[in-house]
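What follows is the residue order along each chain.
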Amino acid sequence: MKLNWSDVTPHRIYLDRRKFIGASAAALALPALASRAHALTGRPSPLSTDQAPNTFEEITNYNNFYEFGTGKEDPARYADQLTVDPWSVEIGGLVDRPGSYGVEDLAPDNALEERIYRLRCVEAWSMVIPWIGVPLASVLDKVGVQPSAKYVEFETLLRPEEMPGQRRAILDWPYREGLRLDEAMHPLTILATGLYGQPMPKQNGAPIRLVVPWKYGFKSIKSIVRISLVAEQPLNTWKQLQSSEYGFYANVNPQVDHPRWSQATERRVGAGLFAGREETKMFNGYGDQVASLYAGMDLAVNY
Ligand SMILES: Nc1nc2c(c(=O)[nH]1)N[C@H]1C(S)=C(S)[C@@H](COP(=O)(O)O)O[C@H]1N2
Ligand SMILES: [Mo]
């Protein structure tokens with residue numbers, strides 16, 4: 001599915017639509033994906049923030065996706081080259097039903113939900129993004145996690161022909177991430193296949209990417225082709241690159257600074273030149289839901 005600018009729902013219309021109850025007329029005018037998402041039926045998820053989302057333009061023009069270059073504008077410029085159809089995700093390791101799954105199998109239209117989440121990058125900027133997707137738990141339940149599995153490992157597509165950043169040794173490709181199994185099963189953790197009621201823009205990780213809103217953005221791995229259930233903690237790309245700066249857990253934590261900058265505050269993208277920085281919240285403001293996962297752990301050690 002190719003996303004054209006002309007297909008894009010303007011931000012303002014989108015916000016008006018969300019207020020619309022019984023939005024069948026509005027839904028008819030939308031692409032299939034959007035019309036089936038809860039998002040546009042006027043029933044926001046209790047897991048969504050009520051903070052105003054960033055504009056579609058901000059969300060799709062200020063990105064980190066090093067496979068397309070290290071500049072914030074590179075993904076919007078180069079991700080168009082990426083073929084996302086056909087696409088399959090290999091699910092394996094300690095599961096009952098390993099195999100090659102299509103995006104439709106993992107995130108069927110009738111299961112899609114909207115989740116409006118804050119995204120806090122380790123670089124100390126943030127956004128609010130209205131994702132469309134399914135709980136990762138629903139996918140893991142489908143494939144049957146075996147009792148010996150303790151972690152989930154994710155891998156991005158390796159295709160240097162279409163990903164110019166992969167022709168350079170910026171990171172150890174393919175990009176890899178991991179979660180502890182209880183983090184992966186948490187209701188806030190989703191596999192997203194769209195945003196703003198549209199199929200996922202390529203620069204945001206089409207056709208399917210992880211979103212873990214209480215962790216720094218680098219945990220939310222894009223364009224996933226492999227999911228493995230494993231017994232040992234997997235090594236994630238950023239920790240592999242520089243383990244003194246990037247850990248496995250990467251929970252948003254205003255009290256644990258990056259060795260080269262403070263994590264106490266953040267800049268909301270699009271807030272304007274004169275807007276002050278915001279205070280960063282523990283677990284990116286999701287502490288009520290997730291703090292218990294880390295009871296008894298020293299989060300300064302397990303950063
Ligand atoms: N494969 C892959 N996934 C990735 C990245 C990347 O470079 N490659 N960057 C991460 C970082 S640092 C952030 S902040 C988020 C950004 O997501 P967004 O561009 O959709 O806002 O994607 C994460 N997922
Ligand atoms: Mo990030």
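Residues numbered from 1 in each chain as written. Chains lettered and ligands numbered in written order. Predicted model: local features only at pLDDT ≥ 70, side-chain atom pairs only at ≥ 80, totals over all residues. Heavy atoms only, no water.

An unreviewed UniProt entry lists the protein chain under the name Protein-methionine-sulfoxide reductase catalytic subunit MsrP, from Paracoccus rhizosphaerae. UniProt annotates the protein chain under Sequence similarities (unreviewed entry) with the comment "Belongs to the MsrP family." Within the UniProt record for the protein chain, the comment given under Subunit (unreviewed entry) is "Heterodimer of a catalytic subunit (MsrP) and a heme-binding subunit (MsrQ)." (UniProt positions renumbered as here; feature names shortened; annotations may be inferred.)

Caption draft 1: Highlighting helix 7 (residues 136-143). Along helix 7, the positions that sit buried rather than exposed are Leu-136, Ala-137, Val-139, Leu-140 and Val-143. Down the axis of helix 7, the sector holding all buried residues measures 160°, keeping them to one side. Two residues or fewer after helix 7 comes Gly-144, characterised by a positive phi angle close to 75°. (Buried < 20%, exposed > 50% of the residue type's maximum accessible area, 1.4 Å probe, protein only. Helix = DSSP H or I, 4+ residues; strand = E, 2+ residues; numbered from the N terminus. Arc of directions from axis to C-beta.)

Caption draft 2: Broad picture of the packing of aromatic side chains. Under the definition given, this model contains 11 aromatic pairs. On the numbers, 6.1 Å between centres and 55° between planes, the contact of Phe-56 with Tyr-196 is tilted. Taken together, the residues Phe-56 in helix 4 (residues 56-61) and Tyr-196 in the loop between strand 7 (190-195) and strand 8 (198-199) connect sequence positions 140 residues apart. Between the aromatic rings of Tyr-62 and Trp-125, the centroid separation amounts to 5.0 Å while the plane-to-plane angle is 90°, which identifies the pairing as edge-to-face. (Phe/Tyr/Trp six-rings, centres within 6.5 Å; stacked < 30°, edge-to-face > 60°.)

Caption draft 3: Quick peek at the UniProt feature "binding site: Mo-molybdopterin" (unreviewed entry) in the protein chain. Annotation from UniProt places "binding site: Mo-molybdopterin" (unreviewed entry) at Asn-63, Tyr-66, Glu-67, Cys-121, Thr-156, Asn-204, Arg-209, Ser-220, Ile-221 and Lys-222. Of the residues annotated just before, the second largest cavity has Ser-220 among its lining. Assignment of secondary structure puts Asn-63 in the loop between helix 4 and helix 5 (74-78). Beyond its immediate chain neighbours, meaning those up to four positions away, Asn-63 contacts Gly-71, Lys-72, Pro-75, Gln-203, Asn-204 and Lys-222. There is a polar contact of 3.0 Å between the side chain of Asn-63 and the backbone oxygen of Ile-59. Excluding residues within four positions of it along the chain, Thr-156 makes contact with Glu-67, Met-163, Pro-174, Tyr-175, Ile-221, Lys-222, Ser-223, Ile-224 and Val-225. (1 Å grid on protein atoms, 1.4 Å probe; cavity = no way out; pocket = protein on both sides within 12 Å on 5 of 7 lines; lining within 4 Å. Contact = heavy atoms within 4.5 Å. Polar contact = N/O pair within 3.5 Å; in protein donor to acceptor, adjacent residues only side chain to side chain.)

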